[in-house]
Structure formats: C-alpha cells, structure tokens
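Results of the structural survey
Take a look at the letters that make up each chain.
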Amino acid sequence: MFSHVILGVNDLEASKKFYDAVLGALGIKPGVHNQSGTAERYFYRSASGSFGITTPLNGEPATHGNGSTIGFNTSSPEQADAFHAAGLANGGSSCEDPPGWRDGAVGKLYLVYLRDPAGNKLCALYRPPKA
C-alpha cells in the first residue's frame, strides 16, 4: 500500500544510530545518506518499500504525531524482540504494553512498541500464519 514513509527528526545522527540498529534487527542495511537542499536524510530500502528520516525541509523543528504509529513487519516474535532490544540500546524508549501476544479482531499478533529518539511511536509486528 505504501511506497515510502519519512519521519522528521531533529538529531539526524542519533536517529540514524537508532534506525540502523532497529532496522538492522529486521535484516535491513544501514541508512544511505541523501541531501535535498538544506535537508539531510537517510533512506532504508527493502523489496517492499522505503523508510526515511530527514531534517525538515522548511527548517522548522521536527515534531512527532500524537496518535501516529509506524509499523514494521517481522518474521518471528524473536525478531520483534530483537527490534525492541536494539531500540532500547540505541536511544529509544518503551511505550504502550510490554512486548507480547495480543488477541484481537484481526487474530493473534505479537507486538512490541517503542518511541524513537525524536518521540515517534513505532511498532514491530509478527502475524503468525493462518492454520
């Protein structure tokens, strides 16, 4: 559904360290630097899309969206836990409920939640195959 997601950040290098770690836990290579005008960016690419972090193009401070969440697919609960641990070790903070299984309208899911160094809320999600 999405071609890319880009988040604004204020401390580009702290955010790169965080995203290199959490996305590295998902098998994604470190961010590649890109510059557009005065804005500096890093892009993380996979076969299913691109994720980027950037200093805002308008020069104003970046802010996080209240109620917003960016979700990343994982291949197992262990990979979701590795994403969470990498985030905590690299400037992120836990939020929401602790990592674990949830039962809901869409079935059983394994979820972990983090806030990145800029305050953006992330989720790593594992959806088991249907039996």
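Residues numbered from 1 in each chain as written. Predicted model: local features only at pLDDT ≥ 70, side-chain atom pairs only at ≥ 80, totals over all residues. Heavy atoms only, no water.

**Looking at the packing of aromatic side chains**
This is how it is decided: Only Phe, Tyr and Trp rings take part, Trp by its six-membered ring, and two of them pair if their centres are within 6.5 Å. Stacked means planes under 30 degrees apart, edge-to-face means over 60, and tilted covers everything else. Numbering of helices and strands runs from the N terminus, with a helix taken as a DSSP run of H or I at least four residues long and a strand as a DSSP run of E at least two residues long. Categorising residues by exposure relies on relative accessible area from a 1.4 Å probe, with only protein chains included: less than 20% of the type maximum marks a residue as buried, more than 50% marks it as exposed, and the intermediate range marks it as partly exposed. Note on geometry: a ring has a charge over it if NZ (lysine) or CZ (arginine) is within 6 Å of the ring centre and within 35 degrees of the ring normal.
Applying the stated criterion across every chain, the model contains 8 aromatic pairs. On the numbers, 6.5 Å between centres and 50° between planes, the contact of Tyr19 with Tyr44 is tilted. With a gap of 25 residues between them, Tyr19 in helix 1 (residues 12-24) and Tyr44 in strand 3 (residues 39-46) connect regions that are remote in the sequence. By the burial criterion, Tyr19 is buried, and Tyr44 matches it. The rings of Phe18, Tyr19, Tyr44, Phe51, Phe72 and Phe83 are connected pair by pair, giving a single aromatic cluster. Directly above the ring of Tyr42 sits Lys16, whose terminal nitrogen or CZ lies 5.2 Å from the centroid. Taking NZ or CZ as reference, Lys108 lies 5.0 Å from the ring centre of Trp101, over its face.

**A closer look at the packing of helix 1 against helix 2 (residues 77-89)**
Condition: Angles here are taken between N-to-C directions and fall from 0 to 180 degrees, while the axes themselves are lines fitted to C-alpha atoms, restricted in helices to the stretch in contact. When an angle is under 35 degrees it counts as roughly parallel; over 145 it counts as roughly antiparallel; between 65 and 115 it counts as roughly perpendicular; any other value is oblique. The crossing is said to be left-handed when, going from far helix to near helix, the turn is anticlockwise and less than a right angle, and right-handed when the turn is clockwise. A contact between two residues is defined here by any heavy atoms of the two lying within 4.5 Å. Think of it as three bins: nonpolar holds Ala, Val, Leu, Ile, Met, Phe, Trp, Tyr, Cys and Pro, charged holds Asp, Glu, Lys and Arg, and polar takes everything else, Gly as well.
Two elements in contact, helix 1 and helix 2, have axes whose closest approach is 7 Å; the angle formed by their N-to-C orientations is 165°. In terms of axis orientation, helix 1 runs roughly antiparallel to helix 2. The hand of the helix 1/helix 2 crossing is right-handed. Taken together, the residues of helix 2 that come into contact with helix 1 (itself represented by Phe18, Ala21, Val22 and Leu23) are Phe83, Ala86 and Gly87. When grouped by side-chain class, the residues that make up the contact of helix 1 with helix 2 number 6 nonpolar, 1 polar and no charged.

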